[in-house]
Amino acid sequence: NLSPNTVELYGFALDLLLKHLETAGISRIRNVTPRHISQYRLVLVRRKLAPATVQVCLRVVRLFFRHLESAQKILINPATDIPPVRAGRTLMPVPSEEDIERLLLSVDTSTPVGVRDRALLETAYSTGARLNELAGMELRDMDLKNGTLRVLGKGSVERIVPLGKSARAWLARYFREERPRLASAGTEKGVWIAEHGEGLS
C-alpha cells in the first residue's frame, strides 16, 4: 500500500546502489561488504541530495539487505551498521489569513472551472487534505448534509474530516450548477472534473 511516489523513490535508491556496486566491480550480492555500503552512503551525500532523501535511500538499502538475509540469500548483512545522516527539520511556511483570502478571491468564479477551483481551494483550506488526497476524492466521500469528508490518506488510511461552512457552500454550488456541465458522460466518480469531462488528475 505504498504510494507511487514512495515506490519510485525506493526504485531510485536501489538503482543507485546497483550502479555503485557495478562500478566497484561487484557482480554477486553476497560479495557486498559494509565498506561498499559506506561508499554508497558517500555517493548519496556527494550527489547533494537532501538529507531526508539520503535517509530514505539508506533505509531502503537496510530493508533490501534485511529481506535478502531473511530469505537466506546472504549469510551476513552488510547494511546493519550504516551511520545515519543527520537532517535538520525544516518547517513548511505557513500562509497568513490575508494570503489565503487573496488566493481564494483571485479565482474567477464566473466560469464553471472557476467555481470548481474555488470549491477545491475551499476544501483544501477547510480540511488540510494533501494534493493526492484531493485528486482521489470520489462523490461518495462527500457528505454535505452532515458536513464531513472521507479522506483516503497514505497507506490507505481512512479518516473523516469536518467541512467548514464556506467549503460546504462552494461545494454545494459546484455540485448543483457546474459539475454537471463539466462532466460529459455523467459517469465520472471523481469529485473534480477537468474542462474536457474527465477526472482532474
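Residues numbered from 1 in each chain as written. Predicted model: local features only at pLDDT ≥ 70, side-chain atom pairs only at ≥ 80, totals over all residues. Heavy atoms only, no water.

Asks: Quick one: what's the story with helix α5 (residues 112-127), residue by residue and with numbers?
Replies: For α5, spanning 16 residues, the distance from its first C-alpha to its last is 22 Å, which sits close to the expected 22 Å at 1.5 Å a residue. Within α5, burial applies to V113, G114, V115, R116, R118, A119, E122, T123 and T127. Here the buried face of α5 lies against α4 (97-105), α6 (131-135), β1 (142-143), β2 (148-152), β3 (158-162) and α7 (165-182). Directly after α5, the chain includes G128, whose backbone phi takes a positive value near 70 degrees. (Helix = DSSP H or I, 4+ residues; strand = E, 2+ residues; numbered from the N terminus. Expected span 1.5 Å × (residues − 1). Buried < 20%, exposed > 50% of the residue type's maximum accessible area, 1.4 Å probe, protein only. Contact = heavy atoms within 4.5 Å.)

Asks: I'd like a description of helix α2 (residues 34-46), backed by residues and values.
Replies: The terminal C-alpha atoms of α2 lie 19 Å apart, and with 13 residues this matches the ideal 18 Å at 1.5 Å per residue to within 8%. Looking at α2, one finds that the buried residues are H36, I37, Y40, R41 and L44. Around the axis of α2, the buried residues are gathered within 150 degrees of arc, so they sit on the same side. For α2, the exposed residues lying more than 90 degrees away from the buried face are R35 and R46. Phi turns positive one or two residues past the end of α2, at K48, with a value near 60 degrees. (Arc of directions from axis to C-beta.)

Asks: Would you mind going over the sheet that holds β2 in detail, with residue names and values included?
Replies: Read from one edge to the other, the open sheet built from three strands follows the order β1-β2-β3, with strand pairing classed as antiparallel. Looking along the sheet, the strands with just one partner apiece sit at the ends: β1 and β3. As defined by bridge partners, β1 adjoins β2 across two bridges and the pair is classed as antiparallel. Pairing of D143 across the sheet is with T148, part of β2. Packing of α5 onto the sheet brings it into contact with β1, β2 and β3, and relative to β3 it is tilted by some 100 degrees. (Pairing = 2+ DSSP bridges. Axes fitted to C-alpha atoms, helices over the stretch in contact; angles between N-to-C directions.)

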